[in-house]
Amino acid sequence: MDKKLNNLILVLNCGSSSIKFAILNPDNEKKYLSGLVECLFLSETYIKWECLGIKYKKKIGSHIGHENALNFIIDQVLSEQQDILKNVIGIGHRVVHGGIKIKKSMLIDKNVIKNIQDAVSFAPLHNPVNLIGIKILIENYTSLSKKNVAVFDTSFYQKMPETSFLYAIPYNFYTKHGIRRYGAHGTSHQYVAHKISVILNKKFSSLNIITCHLGNGASISAICKGICVDTSMGLTPLEGLVMGTRSGDIDPSIIFFMNKQLNMSIDEIQMILTKKSGLLGLSGISSDFRYFEKNYNFKNNAKRSVDIFCHRLSKYIAAYTTLMENRLDALIFTGGIGENVPLIRELTLDRLSLLNFKINIELNFSTIGGRSGLISTCTSRPVFVIATDEELAIAKETINIIRK
Ligand code: ADP
């Protein structure tokens, strides 16, 4: 065991259908433990984890929810690693929505919990499960005096101008009810932005970039002079790009049509737009990008879904170039799809040739599996793949808050 093992942070990232966790040292970036629970609520819920170089995989059970999965992580994974656990000084919780009041990461207290609760309607799939994670970890580890910190996806977007964050609806919906664009995935966009500033040897405060986080959830951010000036996710993480099961942008009248003409309840419509749409809805088969990559040239449903995904993404990229004040330092792809699917990057950049984006086929195909690097030709605007690490970003933020 590492003799300098101290100041470790446990990170918990509770998603709607998965839970990611890790224990790491944010100073030297060494990861001691990392894991993932997949397929919550499905017929077979699995957990995979890696600790000190050894990999484990187990089936937890059937139709397992967040509470049972978290108890499994605590009882069967973390409790087996007391040497590591006793050096954990803080727990960083990813929280998707900070709501109207919370603008930055915070030590968790009753007031912070109330604010996360108040923002449930802005992130109905995420904030409730973030709260379950906070409650269970506080219950289990308070006696070990580990400090709990909430790191919000929405913090990165606090400086957006009102031209980007206001919707063209009566202004008092913003002033009275907080209806505005809040954004999400901020931790990942900010992390890759910092990485590219190092790669390009450019001060963060002078960086002009467009970042595409393409995972099960997908979003794009425009960052000008180091400040996020627009992003595709809105009041909730439902707006914007085509996602695994979320529709992204639609005409709001579709909701009225479903409700009035098809007699669907608001709850049913919400379920369809959040869980049955996106790639899953378009293909009728899957939300897993491996299916689309494999079948793009062979099956209509795969081609249709991928083409719509890239069409929407390239439209956003083109629009966001208008926010770059005449200089774009880099376009960045990240997230499970952004990092691993050359097809998406190629089809998207092909649509942007007028703006002088040109893919280097060889670099594109060799930059997969968590590798970062340039994927454009030498005459193109620079396009990079940067592997994201939300757990590391959350751990760094958590220790900063604890040290303050
Ligand atoms: P999230 O964090 O939003 O749950 P991820 O960033 O892990 O999502 O991305 C999940 C998506 O990435 C899924 O659609 C998955 O199929 C896709 N993906 C991950 N790895 C690969 C790969 N090697 N090849 C193709 N698709 C991949």
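Residues numbered from 1 in each chain as written. Predicted model: local features only at pLDDT ≥ 70, side-chain atom pairs only at ≥ 80, totals over all residues. Heavy atoms only, no water.

Under an unreviewed UniProt entry, the protein has the name Acetate kinase and belongs to Buchnera aphidicola.

Participant: So, the sheet that holds strand β8 (residues 147–152): which residues are in play, and what are the values?
Facilitator: On the basis of which strands lie adjacent, the open sheet formed by eight strands has the order β5-β4-β3-β2-β1-β6-β8-β7 and mixed pairing. Bordering the open sheet on either side are β5 (54–61) and β7 (106–107), each of which pairs with just one other strand. Relative to β8, strand β6 (residues 88–95) runs parallel, the two sharing six bridges. Of the residues in β8, the one forming a bridge with His-93 is Ala-150. (Pairing = 2+ DSSP bridges. Helix = DSSP H or I, 4+ residues; strand = E, 2+ residues; numbered from the N terminus.)

Participant: Run through the packing of helix α8 (residues 253–260) against helix α9 (residues 266–275), naming residues and quoting values.
Facilitator: Put simply, α8 and α9 touch, their axes get as near as 10 Å, and they point 130 degrees apart. Considered as vectors, α8 and α9 are oriented oblique to each other. Like other packed secondary-structure pairs, α8 and α9 cross with a definite hand, here right-handed. Across the interface between the two elements, Ile-255, Met-258 and Asn-259 of α8 pack against Ile-266, Ile-269, Ile-272 and Leu-273 of α9. Grouping the amino acids of the contact of α8 with α9 by side-chain chemistry returns six nonpolar, one polar and no charged. (Axes fitted to C-alpha atoms, helices over the stretch in contact; angles between N-to-C directions. Parallel < 35°, antiparallel > 145°, perpendicular 65-115°, else oblique. Left-handed = near helix turned anticlockwise from the far one by under 90°. Contact = heavy atoms within 4.5 Å. Nonpolar A, V, L, I, M, F, W, Y, C, P; charged D, E, K, R; others polar.)

Participant: Tell me about the state of the cysteines, residues and numbers included.
Facilitator: Scanning the model with the defined rule gives zero disulfides in all. Free cysteine Cys-14: the closest other cysteine sulfur is in Cys-39, separated by 16 Å. What makes Cys-14 buried here is its relative accessible area of 3%. (Disulfide = S-S within 2.5 Å. Buried < 20%, exposed > 50% of the residue type's maximum accessible area, 1.4 Å probe, protein only.)

Participant: Give me the sheet that holds strand β11 (residues 227–231): which residues, what numbers.
Facilitator: Two strands in a sheet stick together by hydrogen bonds in their backbones, pointing the same way (parallel) or opposite ways (antiparallel). A sheet is described by the order of its strands in space; here six strands give the open sequence β11-β10-β9-β12-β14-β13, paired in mixed fashion. With one partner strand each, in any of the chains shown, β11 and β13 (373–374) form the two edges of the open sheet. For strand β9 (residues 209–214) and strand β10 (residues 218–224), the ladder comprises six bridges, and the chain directions are antiparallel. Among the inter-strand pairings, His-213 is bridged to a residue of β10, identified as Ser-219. Its contacts with the sheet place helix α14 (residues 342–350) against β9, β12 (330–334) and β14 (383–385), and it is angled at close to 150 degrees to β12.

Participant: So what's going on with empty space enclosed by the protein? Residues and values would help.
Facilitator: Summed over the entire model, instances satisfying the criterion amount to one cavity of 30 Å³ or more. If you go around the largest cavity, the residues you meet are Leu-10, Leu-12, Phe-21, Leu-70, Ile-73, Ile-74, Leu-78 and Leu-137. Listing elements by their share of the lining of the largest cavity, those giving two or more residues are β1 (8–14) and α1 (66–77). Among the elements that make up the lining of the largest cavity, the one with the highest residue count is α1 (three residues). Grouping the amino acids of the lining of the largest cavity by side-chain chemistry returns eight nonpolar, no polar and no charged. (1 Å grid on protein atoms, 1.4 Å probe; cavity = no way out; pocket = protein on both sides within 12 Å on 5 of 7 lines; lining within 4 Å. Points joined across faces, edges and corners; volume = space filled by probe spheres on them.)

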